[in-house]
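# Structural overview for review
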Amino acid sequence: MGGDRIGFGIVGCGVVADYHIGAIEEIDGADLVSVYSRSESSARDTGEKHDVPWFTDHLEMYESDQLDVVCICTPSGVRIPIVTDAVDAGKHLIVEKPLAVNITDMDLIISQAGAKGIKLMGVFQLRYGPAARRVKRAVQEGKLGKVVLGDAYIKWFRPQEYYDSADWRGNWGLEGGGALMTQGSHNVDLLQWIMGPVKRVYARMGTLVHDVEVEDTVVAALEYENGALGVIEATTASHPGLPAKLEFSGSQGTIVMEADQVTLWDVEGESSESAEAETTDLAKAASDSKTFGTEGHKAQIAEMVHILNEGGEPEIDGPESRKAVELILAIYQSARTGQPVELPLQG
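Residues numbered from 1 in each chain as written. Predicted model: local features only at pLDDT ≥ 70, side-chain atom pairs only at ≥ 80, totals over all residues. Heavy atoms only, no water.

Here we take up the nonpolar core. The biggest cluster of nonpolar side chains holds 78 residues, and the ones touching the most others in it are L93 and I232. A total of nine residues in this core trace back to one element, the largest contributor, which is helix α13 (residues 318-337). Leaving out residues up to four positions away in the same chain, I232 has contacts with A152, I154, L180, V188, L191, V218, V219, A220, L222 and I331. Ranked by size, the runner-up nonpolar core spans 23 residues in total, among them I10, I27, V35 and L308. (Core = buried A, V, L, I, M, F, W, Y, C linked by side-chain atoms within 4.5 Å. Buried < 20%, exposed > 50% of the residue type's maximum accessible area, 1.4 Å probe, protein only. Helix = DSSP H or I, 4+ residues; strand = E, 2+ residues; numbered from the N terminus. Contact = heavy atoms within 4.5 Å.)

Okay, the pairing of strand β12 (residues 253-258) next. Pairing analysis gives six bridges linking strand β11 (residues 245-250) to β12, with the strands arranged antiparallel. Looking at β12, one finds that L246 is bridged to M257. The hairpin formed by β11 and β12 contains two residues between the paired strands. As judged from the six bridges shared by β12 and strand β13 (residues 261-267), these two strands associate in the antiparallel manner. The residue bridging G253 from the neighbouring strand is V267, located in β13. (Pairing = 2+ DSSP bridges.)

It is worth spelling out the side chain of E96 at this point. Within the secondary structure layout, E96 lies in strand β5 (residues 92-96). Despite its burial, E96 pairs with no opposite charge, the nearest such side chain being K97 at 5.9 Å. Here H20 takes part through its side chain, which lies 2.8 Å from a polar atom of the side chain of E96. Not counting the four nearest positions on each side in its chain, E96 is found in contact with V16, H20, I72, C73, R79, V123 and H297. (Lys, Arg positive; Asp, Glu negative; His and termini not counted. Salt bridge = Lys/Arg side-chain N within 4 Å of Asp/Glu carboxyl O. Polar contact = N/O pair within 3.5 Å; in protein donor to acceptor, adjacent residues only side chain to side chain.)

For the rest of this paragraph, the subject is unusual backbone geometry. The omega angle of the peptide bond from H239 to P240 is 5°, so this bond is cis rather than trans. Turning to its location among the elements, P240 is positioned in the loop between β10 (229-235) and β11. Despite not being glycine, A259 has its phi angle at roughly 50°, a positive value. Secondary-structure assignment places A259 in the loop between β12 and β13. Judged by relative accessible area, which is 14%, A259 ranks as buried.

Tallied over the entire structure, the rule returns 19 salt bridges. One salt bridge in this structure joins K119 and E313, with 2.6 Å as the shortest N-O distance. Placement of K119 in the loop between α5 (103-116) and β6 (120-123) and of E313 in the loop between α12 (295-310) and α13 is noted, with a sequence separation of 194 residues between them. Given the relative accessible area of 55%, E313 is considered exposed. Residue E295 pairs with K298 through a salt bridge whose shortest N-O separation is 3.5 Å. Placement of both E295 and K298 in helix α12 is noted, with a separation of three residues, approximately one turn of the helix.

Under the defined criterion, the tally for this structure stands at zero disulfides. Lacking any disulfide linkage, C13 is separated from the closest cysteine sulfur, that of C73, by 8.2 Å. Cysteine C71 is unpaired, with the sulfur of C73 as its nearest cysteine sulfur at 5.8 Å. Among the residues examined, C71 registers a relative accessible area of 0% and is labelled buried. (Disulfide = S-S within 2.5 Å.)

Let's shift gears to the side chain of K91. Mapped onto the elements, K91 comes out in the loop between α4 (80-88) and β5. It is D65 that comes nearest to the buried, bridge-free K91 among opposite-charge side chains, at 5.4 Å.

This part takes up the packing of α4 against α5. Contact geometry for α4 and α5: axes closest at 9 Å, N-to-C directions at 10°. Here α4 lies roughly parallel to α5, going by the angle between them. Judged by residue contacts, I80, V83, T84, V87 and D88 of α4 engage D105, L108, I109, Q112, A113 and K116 from α5. When the residues that make up the contact of α4 with α5 are grouped by side-chain class, the tally is six nonpolar, two polar and three charged. (Axes fitted to C-alpha atoms, helices over the stretch in contact; angles between N-to-C directions. Parallel < 35°, antiparallel > 145°, perpendicular 65-115°, else oblique. Nonpolar A, V, L, I, M, F, W, Y, C, P; charged D, E, K, R; others polar.)

Attention now moves to the sheet that holds β12. Spatially, eight strands are ordered β13-β12-β11-β7-β10-β9-β8-β14 in an open sheet, and the strand pairing comes out mixed. In this open sheet, the two edge strands, each paired with only one partner strand, are β13 and β14 (341-342). Its contacts with the sheet place helix α10 (residues 185-195) against β7 (147-155), β9 (217-224), β10 and β11, and it is angled at close to 170° to β7. Seen against the sheet, α13 touches β8 (198-206), β9, β10 and β14 and runs at an angle of roughly 55° to β8.

Next up on the list: a nonpolar patch on the surface. A cluster of nonpolar side chains, V148, L149 and L229, forms an exposed patch at the surface whose accessible area comes to about 230 Å². Along the chain, V148 turns up in strand β7. (Patch = residues over 30% accessible without salt bridge, like charges linked within 9 Å, V, L, I, M, F, W, Y side chains within 5 Å. Areas by Shrake-Rupley, 256 points an atom, 1.4 Å probe, with all protein chains shown as cover.)

Here you go:
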């Protein structure tokens, strides 16, 4: 294709769609060409705001030759037919986390996209942050020595009004989970991406504050394949909410990240490094779900434009985007059964 402009369509016009649209409008070579929502008013408002055609029938939207890539921004539990129809229509996919709410559906999406030659990209935009990439390099290069601990702490706050604002929030079937799946999944993804695969989990969870089906508090003990241990703590019931924190400890050093800033870099043989203690948009997300920045989305959408013009595969393809969700599902299984759970999970 080399140098062609790539047409993007938005499926689902909720809060997260604004991040995709904002990113598309800033990326050279990307054009927003259509939007879809099951809500006519939402579709119309979004389409008219951005001066593009709007649809309440996704199949009708998929008929356009101008549409190359579909950004799936719907609740996870309702997206399977929308995604499979996009594959059948030959549209490439950028899918918001989680890819699906169970192993079977994730594997269905991955296999169908692969069989049709569809580029499938999962949205885990925090991997593109400079601090996350620097920490991953440090761990891979052995700068921490023998890594012994990898921990994630997501102590956020969401009021009851947040859950009451949409019928899919706090619903196992539509959202796939609570504090861990919805709020914690990006940092769970970073944790396993940097530390490597998890071998075994043992977890507990509860709904301690909110009137919802899903958990608002969960803790898990992890055993990694490399022998290291770790913990995950996630909640939406901790007022006023703190920036998510990742800690990596080894025999030669410790690194701490908070909201894509390195707040501690204590490694043998290296000078101390630390980002300035400023309040970023990512840090504000601890108490406000509408304050994430668009930089990570821009990086992923730019990557898709490059791939479709020059070739290659997404860095976060289907199998890669599956990993964090599988770990979360294993944690839920352990919490429900009261038993340790081994990975990989079966469908």
